[in-house]
Amino acid sequence: MTLSHHSDTPLVSIHATNLLITFNQQLLFSADNLHFSQGDVIYLQGDNGSGKSTLMKLLAGLIKPSQGQITSQGFAPQAWWRSASMLGKAVYLHQHPYLFEGSVRYNLTYALDQRALAPEQRKKRIQQAIHMAQLTDLLDHDASDLSGGERQRLAIARAWIAQPKLLMLDEPISNMDKHSQRLVLAMINQLKQDGTGLIISSHQTCGLTALCQQHWHIKQRTIHTSIHVPQSDDLHDTHTTELHYGTSN
Ligand SMILES: Nc1ncnc2c1ncn2[C@@H]1O[C@H](COP(=O)(O)OP(=O)(O)OP(=O)(O)O)[C@@H](O)[C@H]1O
């Protein structure tokens, strides 16, 4: 992992303790201690309905736990007008991502933090994302006309350009053909090389698991954490994906 760490830019992290979430008085899951930090690449596994999306929404500050505490370290102080203190720290990318009305090009450039990169670097990064996601021929298409796989590629390309420090990807390669899967795996690998903290959910082991270094498993309504990541049969795909793109910056 090529995460570079400068002492004046502390690693950002999110810490959850004694977490418990219930819906309609029914326990969904509990967890004693979860730590998600820049540089972590976590494979989040669980059966359908076990609570993977719910956990990611909790860590993104989109919903609140029934019990427990979620805190963050290393982020810039919260703007006074933001009431939910966890919101906007870890970015949650939904399985069916929200895209803006307008073209693919517009979606790639709108709402990016203009201060984060110098204009030349920003342009270069956008070009590289277009290339990685193979969106060149689709740039002037309306985003609403894209297929499911293309939408996912666009959403991950957009996240890759924005360079969040912590990113959670909900089933990023489900319902994708092999070609789109390979492109998305290459982009996720680039995010990993850049030191982005990643949580990647799937209900089954798949090519993604080869990229992961930790395993969180929602099983019997508890989140089990481990450094042993189960590997899948189609690892070969991931290795052949590795990776035709060098580190970008
Ligand atoms: N706001 C809510 N109110 C009531 N129940 C909810 C709410 N949000 C989620 N649930 C329920 O919690 C359970 C877990 O949902 P969640 O989407 O987190 O599971 P998941 O592991 O991501 O599933 P999948 O693999 O099918 O995407 C489901 O039974 C869902 O219906």
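Structure first, text after, so check above.
Note that this is a predicted model, so its numbers are computed, not measured.

Got a sec to walk through helix α4 (residues 148-162)? Specific residues and values, please.
The terminal C-alpha atoms of α4, which comprises 15 residues, lie 21 Å apart, in line with the 21 Å expected from a rise of 1.5 Å per residue. The buried fraction of α4 amounts to eleven of the 15 residues, a majority that puts the element mostly inside the structure. Regarding α4, the residues found buried are G149, Q152, R153, L154, A155, I156, A157, R158, A159, W160 and I161. Buried residues in α4 make contact with β5 (90-93), α2 (104-109), α3 (119-132), β6 (166-170) and α5 (178-193). Q163, located one to two residues past α4, shows a positive phi value of around 50°.

Kindly report on unusual backbone geometry, identifying the contributing residues and their values.
Positive phi outside glycine occurs at N18, with the angle close to 50°. Relative to the assigned elements, N18 resides in strand β1 (residues 13-23). Phi angles above zero are rare outside glycine, and Q25 is one such case at about 65°. Note that Q25 resides in the loop between β1 and β2 (26-37). Residue Q25 is classed as exposed on the basis of its relative accessible area, which comes to 80%.

Could you give an account of the environment of S201, naming the residues involved and the relevant values?
Mapping S201 onto the fold places it in strand β7 (residues 197-202). With a relative accessible area of 0%, S201 lands in the buried category. In the structure, S201 is positioned 145 residues away from M56 in sequence and 8.8 Å away in space, judged by C-alpha atoms. Within the local environment of S201, its side chain forms a polar contact with the side chain of D170, the two groups lying 2.9 Å apart.

Provide a residue-level description of the packing of aromatic side chains, including the pertinent values.
All chains considered together, the criterion is met by one aromatic pair. Geometry around W160 places R125 over its ring, the cationic atom sitting 3.7 Å from the centre.

So, the packing of α4 against α5: which residues are in play, and what are the values?
Two numbers describe how α4 lies on α5: the axes approach to 10 Å, and their chain directions differ by 15°. Considering their axes alone, α4 and α5 lie roughly parallel with respect to each other. The interaxial crossing formed by α4 with α5 has left-handed handedness. Contact residues: α4 offers G149, R153, I156, A157 and W160, while α5 offers H179, S180, L183, V184, M187, Q190 and L191. Looking at side-chain class alone, the contact of α4 with α5 contains seven nonpolar, four polar and one charged residues.

Quick notes on the rules
Residues numbered from 1 in each chain as written. Predicted model: local features only at pLDDT ≥ 70, side-chain atom pairs only at ≥ 80, totals over all residues. Heavy atoms only, no water. Helix = DSSP H or I, 4+ residues; strand = E, 2+ residues; numbered from the N terminus. Expected span 1.5 Å × (residues − 1). Buried < 20%, exposed > 50% of the residue type's maximum accessible area, 1.4 Å probe, protein only. Contact = heavy atoms within 4.5 Å. Polar contact = N/O pair within 3.5 Å; in protein donor to acceptor, adjacent residues only side chain to side chain. Phe/Tyr/Trp six-rings, centres within 6.5 Å; stacked < 30°, edge-to-face > 60°. Lys NZ or Arg CZ within 6 Å of the ring centre and 35° of its normal. Axes fitted to C-alpha atoms, helices over the stretch in contact; angles between N-to-C directions. Parallel < 35°, antiparallel > 145°, perpendicular 65-115°, else oblique. Left-handed = near helix turned anticlockwise from the far one by under 90°. Nonpolar A, V, L, I, M, F, W, Y, C, P; charged D, E, K, R; others polar.

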